[in-house]
Amino acid sequence: MSGDGDALAPLNPSETALVLVEYQNEFTTEGGKLHDAVKDVMKETNMLENSASLTKACRDAGVKIMHLPISFGKGHPEISSNPYGILAGVKEGEAFAEGEWGSAICDAMKPEEGDITVKGKGGLCGFKSTNLDFMLRQNDVKNIVLGGFLTNCCVESTMRTAYENGYKVYTLKDCCAATSMEGQNAAFEHTFGMFSVPTTSEDIKKAVTANGYMLSNCQHGRLKGGYVKGVMLKKAELLSLDVSFFGFRFFAEGFISASLSNTIVACVTFRSGLRSAIRLSSFTNMTGDPEPLAPLNPSETALLLVEYQNEFTTEGGKLHDAVKDVMKETNMLENSVSLTKACRDAGVKIMHLPIGFGKGHPEISSSPYGILAGVKEGEAFAEGEWGSAFCDAMKPVEGDITIKGKGGLCGFKSTNLDFVLRQNAVKNVVLGGFLTNCCVESTMRTAYENGYKVYTLKDCCAATSMAGQEAAFEHTFGMFSIPTTSEEIKKAVTA
């Protein structure tokens, strides 16, 4: 699934786009508000230098270069007044403000004549709120090569949607950066191979210049930009000091200098030598450790149950052996049954989200890749067959809603899920099911971008390994949801 060692087939440059996600000063440059969060991974992967080199080679070859920056108006009005997840930190820290140095594309990656800059990105997925899909199709693009920031946030969300939209997606292991090498490696090891062909900048260079695919005599210029120091950090988690800022992690030494109610003031010294006073208040728990939840209004809450079907849940299912160890470790099926009953009794809307395909799986490409290749080859989730049926323990009952039409990975794609949620006045979505880092995660990401308050259930999900399960919750889920447990949700909907 990692794509290591696989030589790429030649790529036609005229059908290929290099999509560069958020190569902006906030991330790339000393003084950027998020630079300290990613600089170690940037150095480890040499991602900026690799990206610059690849971009030049792709331009020379005739590949379409597309820049995908993120930005917000003054005061970040595009973000909710009560945000959570990664956007809460972005708003509080006033990051990526339009017209400011931090939101500008860095000098090394500035657009050149002939490049396309996609505008309007104010969320995490590059397709959300932009015309990226239109631009790609207008340019007859079939292959998307992805690099940028953050590996397991905006790059991954864009990758997932591109895959579901039918593009052939290539992700660049040496042109991306997360906030830790653990998060970086976890994304590529456990997830990216399901939605893309993980590869390197050198392999892409070879692929776009193979078989005579090369343009020559291209002329390029470079724009020069200024340098401005930005505010470094504003949040911390005591006492290590293990600092959480924008949902990213730093390390520092410090002490509490004042405390009032739920606000703490600390003086800290960072690795860079910067000393700063930091005001601490409520902040997103990126590790996902269970915290008491505020009460949830059952009439505004939906429990969304993803693919509790025999193929996964039951002995004899084609995918059961892949998940049974994690199911046992987390006790997820029993927890899901108990939570579903408690939520029904409380008046929470129960929504089932199965996946299914016609005979021969005609919904899937004749030349599939990623996780859908295995689904088609194994004829899994065939409509009308035992494997696609709900397992006995999680069968819908009267009053539940079953969402139909899911033939991809995100629960919102090709279904009326969003319509049904809004028709039922749902504001809070609680997610459990299969696979943690595939369909559950894709659904979580879109739900977050659609404005729902999302809760993900650590003890009601299963991946194909505990390493993948833990990596998803440790490195990613806290950016898009509130990771919690079935017991905490029970308390919240009955409070």
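Source: prediction; values computed, not measured. (Residues numbered from 1 in each chain as written. Predicted model: local features only at pLDDT ≥ 70, side-chain atom pairs only at ≥ 80, totals over all residues. Heavy atoms only, no water.)

1. With respect to the pairing of strand 2 (residues 64-68)
With four of five residues buried, strand 2 is to be regarded as a mostly interior element. Strand direction decides the pairing type here: strand 1 (residues 16-21) and strand 2, joined by five bridges, are parallel. When the sheet's bridge partners are listed, Leu20 is paired in strand 2 with His67. Examined bridge by bridge, strand 2 and strand 3 (residues 116-117) share two bridges and lie parallel to one another. What sits directly across from Met66, in strand 3, is Ile116. (Buried < 20%, exposed > 50% of the residue type's maximum accessible area, 1.4 Å probe, protein only. Helix = DSSP H or I, 4+ residues; strand = E, 2+ residues; numbered from the N terminus. Pairing = 2+ DSSP bridges.)

2. Observations concerning the sheet that holds strand 2
Sheet architecture is open: six strands sit in the order 3-2-1-4-5-6, paired in parallel fashion. Of all strands in the sheet, those with a lone pairing partner are strand 3 and strand 6 (197-199), marking the two edges. Contacts between helix 3 (residues 47-61) and the sheet are confined to strand 1, strand 2, strand 4 (143-149) and strand 5 (168-177), with strand 5 contributing the most and set at about 140° to the helix. Here helix 7 (residues 181-195) sits on the sheet and contacts strand 5 and strand 6; the angle it forms with strand 5, its principal contact strand, is near 175°. (Contact = heavy atoms within 4.5 Å. Axes fitted to C-alpha atoms, helices over the stretch in contact; angles between N-to-C directions.)

3. What about the environment of Glu26?
Relative to the helices and strands, Glu26 resides in helix 1 (residues 25-28). C-alpha separation for the pair Glu26 and Ala97, spaced 71 residues apart in sequence, amounts to 9.9 Å. With residues up to four places along the chain from it excluded, the contact list for Glu26 reads Gly32, Lys33, Leu34, His35, Glu94, Ala95, Phe96, Gly102 and Ser103. At 3.0 Å, the side chain of Glu26 and the backbone nitrogen of Lys33 are in polar contact. (Polar contact = N/O pair within 3.5 Å; in protein donor to acceptor, adjacent residues only side chain to side chain.)

4. Re the confidence of the model for the protein chain
When the pLDDT values of the protein chain are averaged, the result is 85; 82% of them are 70 or greater. Confidence drops under a pLDDT of 50 for residues 212-289, and excluding neighbours within four residues, the segment shows 174 contacts in the predicted structure. (pLDDT = per-residue confidence, 0-100.)

5. Let's talk about the pattern of salt bridges
Here the structure, examined in full by the defined rule, presents 21 salt bridges. For Asp400, the salt bridge identified is with Arg344, shortest N-O distance 2.7 Å. Here Arg344 lies in helix 11 (residues 332-346) and Asp400 lies in the loop between helix 12 (371-377) and strand 13 (401-402), a separation of 56 residues in the sequence. Of the residues examined, Arg344 reaches a relative accessible area of 28% and is grouped as partly exposed. When the shortest N-O distance is used, the salt bridge between Arg445 and Glu441 registers 2.8 Å. Here Arg445 and its partner Glu441 are both found in helix 14 (residues 436-449), four residues apart, which amounts to about one turn of the helix. Residue classification places Arg445 among the buried residues on the basis of a relative accessible area of 3%. Judged by its relative accessible area of 1%, Glu441 falls in the buried class. Residues participating in the shared-partner salt-bridge network are Glu156, Arg160, Glu441 and Arg445. (Salt bridge = Lys/Arg side-chain N within 4 Å of Asp/Glu carboxyl O.)

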